[in-house]
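One letter stands for each residue in the lines below.
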Amino acid sequence: MSSSATSFVPSVRPKDRLAVLFEEIAELCGQRNAIDGRLVEIVAEIDRDGLWGMTGARSVAAMVAWKTGSSPRNAEIVTAVAQRWEELPRCTQLLRDGRVSLDQVGVIAEKAGPGSDAHYAQLVTSATVNQLRTAIKLEPPPQPQPEPDPKPEPAPTYSKTCDDKGTTYRIFLPHLEAAKLDAAVQSHLDGMVADWKRDHADEADPDSASNQAPPMPTTVDAFMSLVEAGWDAEVARRPHGQRTTVVAHVDVKEQVASLHLGPLLSDADRRFLLCDATFEVWLERHGQPIGSGRDTRQISRRLRRALEHRDRCCVVPGCGATRGLHAHHIRHWEDGGATELDNLVLVCPYHHRMHHRGGITITGPAQHLVVTDGEGEQLSSASLARPPSTPPPDVPPCPGPTGERADWWWYEPFQPQPPPAAA
Ligand SMILES: [Zn+2]
Ligand SMILES: [Zn+2]
């Protein structure tokens, strides 16, 4: 209405139009601040009473981003303020009254020292977000805690110098770590010397050994052997950034599994591990091995790529995790589920484990996936946003912080109070 009215009055100066628009922005900002305040208060209640766990979300911030359809950063700020809601009563009241913005209180909640609520409540109505950041940086660093140990152990160091011949390493380790290194090197040296002696047993005198014989292994050889062993283990552990290698013994008839030299697995853990593992599996019947598949990769690399292309992230609504994803069999292969695209979905380790423990359900086929929470209610990735049915909060317009030039020379930073003396 007002916009059509102004369009018929071409004589209104742009400056005046802008003033009207700014007036409306101030009005809306006040309402938005008050709404943000109420949102944060609700999140604080959900967090305090641990209600978010049943949603299947990985964290409070993940739940906020999901349910409000906001960015992860915005959700972090909401969560930071929510977690200090009780501790910052004055600052959060200003937010509820619409007088300061969520971002302003967010800076305080994320960084300000304990007990600083009154200090920053005075500053926050006039200071911009950047000025608040500066003010918080001027806080004295937290008092160093009285040292429980009068003589702390020297920190380990590692340095190296290179020249054209090679590299010299200097490593300083505290006694315990040094003992560990010594024992590991010694064990590799013992093994290598034993091998060498076995291979050269016929040569009575090592000093006069024939030219062809390799020299007796040295401590350096043992050290390199140690490095190689560690390196091999690491490469085997993450062949393509996929699952760890699990050695499992599976009784095909009884459908029970145990880890190699380890405990019997619960049904949930067995299915979780065998769902997507690069595993060395020993199939057994009545305790007798009937076959072994070494490094049986259930999901071929090509299938994995197709899966990544289709799903992109964890398929549990509201999650969006993209790292370290597992390929989950919707119908487990133990039950005859096929290892093919229709029966596979990508899930993050957190939700994968949660599913196999019964916290959420995932039913296929993959194109029409249904994910429910523990109560059987279907989860959707949609936010809760809908057109409002209640009037906006009745708060005055918020013109924003005055943002007057800060004279940091005269600013007195927040001084943490010394803790009350022990009784
Ligand atoms: Zn699974
Ligand atoms: Zn997930």
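What you see is a predicted model, and the numbers here were worked out from it, not measured in a lab. (Residues numbered from 1 in each chain as written. Chains lettered and ligands numbered in written order. Predicted model: local features only at pLDDT ≥ 70, side-chain atom pairs only at ≥ 80, totals over all residues.)

Trainee: Would you mind going over the packing of helix α6 (residues 102-111) against helix α8 (residues 129-137) with me for this structure?
Mentor: Geometrically, a packed helix pair is captured by the angle between its two axes and the distance between the axes. Here α6 crosses α8 at 20°, and the two axes come no closer than 9 Å. Taken together, α6 and α8 sit at an angle that is classed as roughly parallel. Read as a crossing pair, α6 and α8 show a hand that is right-handed. For the pair α6 and α8, contact is made by Asp 103, Gln 104, Val 107, Ile 108 and Lys 111 and by Val 129, Leu 132, Arg 133 and Ile 136, respectively. Taken together, the residues of the contact of α6 with α8 sort by class into five nonpolar, one polar and three charged. (Axes fitted to C-alpha atoms, helices over the stretch in contact; angles between N-to-C directions. Helix = DSSP H or I, 4+ residues; strand = E, 2+ residues; numbered from the N terminus. Parallel < 35°, antiparallel > 145°, perpendicular 65-115°, else oblique. Left-handed = near helix turned anticlockwise from the far one by under 90°. Contact = placed C-beta atoms within 7 Å. Nonpolar A, V, L, I, M, F, W, Y, C, P; charged D, E, K, R; others polar.)

Trainee: In this structure, what is going on with the packing of helix α2 (residues 14-48) against helix α4 (residues 72-83)? I would like to understand it.
Mentor: At their nearest, the axes of α2 and α4 sit 8 Å apart, and the two run at 65° to each other. As the angle between them shows, α2 and α4 are arranged roughly perpendicular. Seen along the crossing, α2 lies across α4 with a hand that is right-handed. In contact with Leu 39, Val 40, Val 43, Ala 44 and Asp 47 of α2, α4 contributes Val 78, Thr 79, Val 81, Ala 82 and Gln 83.

Trainee: Is there a simple way to think about the nonpolar core in this case?
Mentor: Among soluble globular proteins, nonpolar side chains are generally buried collectively. Among the nonpolar cores identified, the biggest contains 49 residues, and Ile 108 and Val 124 are the most heavily contacted of them. The greatest single-element share of this core, amounting to seven residues, is contributed by helix α3 (residues 60-68). Among the domains, domain 1 (14-137) and domain 3 (248-372) are the pair contributing at least three residues each to this core. (Core = buried A, V, L, I, M, F, W, Y, C linked by C-beta atoms within 7 Å. Buried ≥ 20, exposed ≤ 12 C-beta atoms within 10 Å, placed from the backbone. Domains from an automatic or database assignment.)

Trainee: Please explain the environment of Pro 114 as it appears in this structure.
Mentor: Here Pro 114 lies in the loop between α6 and α7 (117-124). Looking at Pro 114, the number of C-beta atoms within 10 Å reads 11, which means it is exposed. Each C-alpha atom, one on Pro 114 and one on Pro 416, is 7.3 Å from the other, the two residues being 302 residues apart in sequence.

Trainee: Sorry, what's going on with the pairing of strand β1 (residues 157-162) here?
Mentor: Consecutive side chains of a regular strand alternate in pointing toward one face of the sheet and then the other. For β1, the tally of buried residues reaches only zero of six residues, placing the bulk of the element at the surface. Bridge analysis of β1 against strand β2 (residues 167-172) gives six bridges, and the strand direction is antiparallel. Residue Cys 162 lies in a different strand from β2, and its bridge partner there is Thr 167. Adjacent in sequence and paired antiparallel, β1 and β2 are bridged by four residues. (Pairing = 2+ DSSP bridges.)

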